[in-house]
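Below, each chain spelled out in residue letters.
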Amino acid sequence: MVKQADLKTDRFYKAAKEAGYRSRSAFKLLQTSKKFKLIKPGDAVVDLGAAPGGWSQVAHEFVGEGGVVISVDLQPIAKIEDVVMIKGDITNEEEIVKAIKEALLSKERKTVDIVISDAAPQLTGNKDLDQFRSFELSSAALNIAVKLLKNNGNFVAKIFQGEYYNQFYKSVKERFRDTRAYSPAASRKRSAEVYVVGKGYKR
Ligand SMILES: C[S@@+](CC[C@H](N)C(=O)[O-])C[C@H]1O[C@@H](n2cnc3c(N)ncnc32)[C@H](O)[C@@H]1O
């Protein structure tokens, strides 16, 4: 849990406010996408676990007017111009894939260039349980990506480090030509989160 006092001195929190981003997490996607050249103008992006919408704002900036952003979360997401919002549970993979395909068609697109996931479970304080739930969400994101990504498409998903991390990393490595683990500067030093980046989906 982040204390209000910590937020006041947090440079990414301040910068997010100044830039009009809904979350300080927006900088994690900015830094990760820039480092690995993940999101390009014109791309179709699927953002899983997207509320309140900081990553979707950044994705929208990267893809520009010719691109498409489809955002999914359990929670409602306040409107972002040109971004399609789907309210749903990403662990209901088939239902979510169907809804995303419909959204793609409405934008006259068939394939997805990149799937991004910052989905995180509500923390219980029980480390093992939280890590397992994070693994479940990251795995759901990967399963959805596998069904939607074009050949050579990209993927990035958050996972909490722990017992299941290696298993998840291996699953990404099997499906992508280049796989890396990355902790952007905007991730808090004490955080257990890491982003697994897969480049070049082997369809
Ligand atoms: C850290 S927040 C994402 C922040 C977001 N990237 C941003 O920049 O605004 C994690 C999100 O994952 C969502 N989430 C957790 N479990 C989910 C699930 N099963 N299906 C969809 N979203 C889920 C939560 O509702 C929460 O909004």
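The text that follows walks through the structure, step by step, so that each part is easy to find. In this text, all values refer to a predicted model and were calculated from it rather than measured experimentally.

### Overview of helix α5 (residues 93-106)
The end-to-end C-alpha distance of α5, which contains 14 residues, comes to 20 Å, matching closely the 20 Å that a straight helix rising 1.5 Å per residue would cover. Where α5 is buried, its residues contact β1 (44-48), β2 (68-73), β3 (83-87) and α6 (127-148). Once α5 ends, the next one or two residues include Glu-108, with phi positive near 55°.

### Remarks on the pairing of strand β7 (residues 193-201)
Looking at chain direction, strand β5 (residues 149-160) and β7 are connected through seven bridges and run antiparallel. If you follow Phe-160 over to β7, its bridge partner there is Glu-193.

### Description of the packing of α6 against helix α7 (residues 165-175)
Close contact between α6 and α7 brings their axes to 10 Å; oriented N to C, the two are set at 10°. Classified by the angle between their axes, α6 and α7 sit roughly parallel to one another. Contacts between α6 and α7 pair Phe-135, Ser-138, Ser-139, Leu-142 and Val-146 from the former with Phe-168, Ser-171, Val-172 and Arg-175 from the latter. Looking at the contact of α6 with α7 residue by residue, the classes come out as five nonpolar, three polar and one charged.

### Examining the site of the ligand
Surveying the vicinity of the ligand reveals 23 residues, the closest of which are Ser-23, Gly-49, Ala-51, Gly-54 and Asp-118. Those elements giving two or more residues to the shell around the ligand turn out to be α4 (54-63) and β2. Split by residue class, the shell around the ligand holds twelve nonpolar, seven polar and four charged.

### Looking at the sheet that holds β3
If you trace the seven strands from one edge of the open sheet to the other, you get β3-β2-β1-β4-β5-β7-β6, paired in mixed fashion. Edge positions in the open sheet fall to β3 and β6 (176-182), since each of these has one partner strand only. Along the sheet, successive strands turn relative to each other by an average axial angle of 15°, direction set aside. Bridge count for β6 against β7 is six bridges, and the pairing is antiparallel. When the sheet's bridge partners are listed, Thr-179 is paired in β7 with Gly-198. The strands touched by α5 within the sheet are β1, β2 and β3, with β3 carrying the most contacts at an inclination of about 155°. Where α6 meets the sheet, it contacts β1, β4 (112-117) and β5, and its direction lies at approximately 175° from that of β5.

### Describing unusual backbone geometry
The omega torsion across Ala-51 and Pro-52 is 5°, close enough to zero to call that bond cis. Mapped onto the elements, Pro-52 comes out in the loop between β1 and α4. Look at Asp-82: it is not a glycine, yet its phi comes out positive at around 75°. Structurally, the position occupied by Asp-82 is in the loop between β2 and β3. For Asp-82, a count of 13 C-beta atoms within 10 Å corresponds to the partly exposed category. Phi is positive for Asn-152, close to 70°, though the residue is something other than glycine. Inspection of the secondary structure puts Asn-152 in strand β5. Residue Asn-152 is classed as partly exposed on the basis of its 13 C-beta neighbours within 10 Å.

### Some points on the packing of α5 against α6
The contact between α5 and α6 brings their axes to 10 Å, and the two run at 45°. Comparing their axes, α6 and α5 come out oblique. The way α5 lies across α6 gives a crossing that is right-handed. On the side of α5, the interface is formed by Glu-93, Ile-96, Val-97 and Ile-100, while α6 contributes Ala-140, Asn-143, Ile-144, Lys-147 and Leu-148.

### What to know about the nonpolar core
With 57 residues, the main nonpolar core has Val-45, Ala-59, Val-115, Ala-141 and Phe-155 as its most contacted residues. For this core, the leading source of residues is α6, giving seven residues.

What counts and what doesn't
- Residues numbered from 1 in each chain as written.
- Predicted model: local features only at pLDDT ≥ 70, side-chain atom pairs only at ≥ 80, totals over all residues.
- Helix = DSSP H or I, 4+ residues; strand = E, 2+ residues; numbered from the N terminus.
- Expected span 1.5 Å × (residues − 1).
- Contact = placed C-beta atoms within 7 Å.
- Pairing = 2+ DSSP bridges.
- Axes fitted to C-alpha atoms, helices over the stretch in contact; angles between N-to-C directions.
- Parallel < 35°, antiparallel > 145°, perpendicular 65-115°, else oblique.
- Nonpolar A, V, L, I, M, F, W, Y, C, P; charged D, E, K, R; others polar.
- Near = placed C-beta within 6 Å.
- Buried ≥ 20, exposed ≤ 12 C-beta atoms within 10 Å, placed from the backbone.
- Left-handed = near helix turned anticlockwise from the far one by under 90°.
- Core = buried A, V, L, I, M, F, W, Y, C linked by C-beta atoms within 7 Å.

Bear in mind that shape data such as this cannot, by itself, settle questions of function.
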